[in-house]
Amino acid sequence: MYAMVVTRPDIAYAVGVVSRFMANPGKAHWNAVKSIMRYLKGTKNKCLCYGKDPLELKGFCDSDMAGDVDTRKSTSGYVFRLASCAVSWCSRLQKVFSLSTNEAEYNSVTEASKEAIWLARLCSEFGLPEKAPMLGCDRLIARVPCVWQRMLCFMHAQNILMCDITSFEKCLRMALSH
């Protein structure tokens, strides 16, 4: 788990799925753990490298609809990059049940947006330029309804939904104050 949480975003999903069966693992789970260990052994010389790209905070999120066959909960995941290197990532089951793929995506965008707001504030404390981070999501919708009606969203040329997190934070505060 330490490797997944701190140093290896590439195994986050696999370790998250296998860890659900720690109380009663079977042979298939043990084989999956061995596969993860073989992968780690084969990629031990790989590392996260910061390039000379601009210090821009960019995030991407995604979810699946009822991907867990036992609980029928959706899985959310996000990754945030600074200078083209991952600085924050997560892959976990959603806390609520989603009734549609859009709802699963909204839940994923919400979790990723909270992380984006926190990371933006952390970056500003380190003296990095204050620029609203961008969050990408793969749903083909131009505007997000319900709580986020005022969030400014637009379609990217490659069908990526990009949202201004500063606008989202304002809408989130208004929604929570009622």
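Residues numbered from 1 in each chain as written. Predicted model: local features only at pLDDT ≥ 70, side-chain atom pairs only at ≥ 80, totals over all residues. Heavy atoms only, no water.

Colleague: Outline the overall build of the protein chain, listing residues and values.
Modeller: Scanning the protein chain from N- to C-terminus turns up five helices and six strands. Beginning at the N terminus, the succession of helices and strands in the protein chain can be written as α-α-α-β-β-β-α-β-β-β-α. Counting all 178 residues of the protein chain, 35% fall into the buried class. Long-range pairs, those at least 24 residues apart, make up 55% of the contacts in the protein chain with a sequence separation of at least 6. Approximately 11,400 Å² of the protein chain is accessible, and the part contributed by carbon and sulfur atoms is 59%. (Helix = DSSP H or I, 4+ residues; strand = E, 2+ residues; numbered from the N terminus. Buried < 20%, exposed > 50% of the residue type's maximum accessible area, 1.4 Å probe, protein only. Contact = heavy atoms within 4.5 Å. Areas by Shrake-Rupley, 256 points an atom, 1.4 Å probe, with all protein chains shown as cover.)

Colleague: Mind laying out helix α4 (residues 101–125), listing which residues take part and the relevant values?
Modeller: Taking 1.5 Å of rise per residue, the 25 residues of α4 would be expected to cover 36 Å, and the 36 Å separating its terminal C-alpha atoms lies within 8% of that figure. Looking one or two places after α4, you find G127, whose phi comes out positive at around 85°. (Expected span 1.5 Å × (residues − 1).)

Colleague: Any chance you could break down the pairing of strand β1 (residues 57–63) for me, citing the residues and the numbers?
Modeller: Taking every second residue as pointing to the same face, the buried face of β1 carries L57, G59, C61 and S63, while none of K58, F60 and D62 on the other face is buried. Taken together, the seven bridges between β1 and strand β2 (residues 75–82) define a ladder with antiparallel strand orientation. Its bridge partner being in β2, F60 is matched across the sheet by V79. One ladder, built from four bridges, connects β1 with strand β4 (residues 134–137); its direction is parallel. The residue of β4 that forms the bridge with G59 is L135. (Pairing = 2+ DSSP bridges.)

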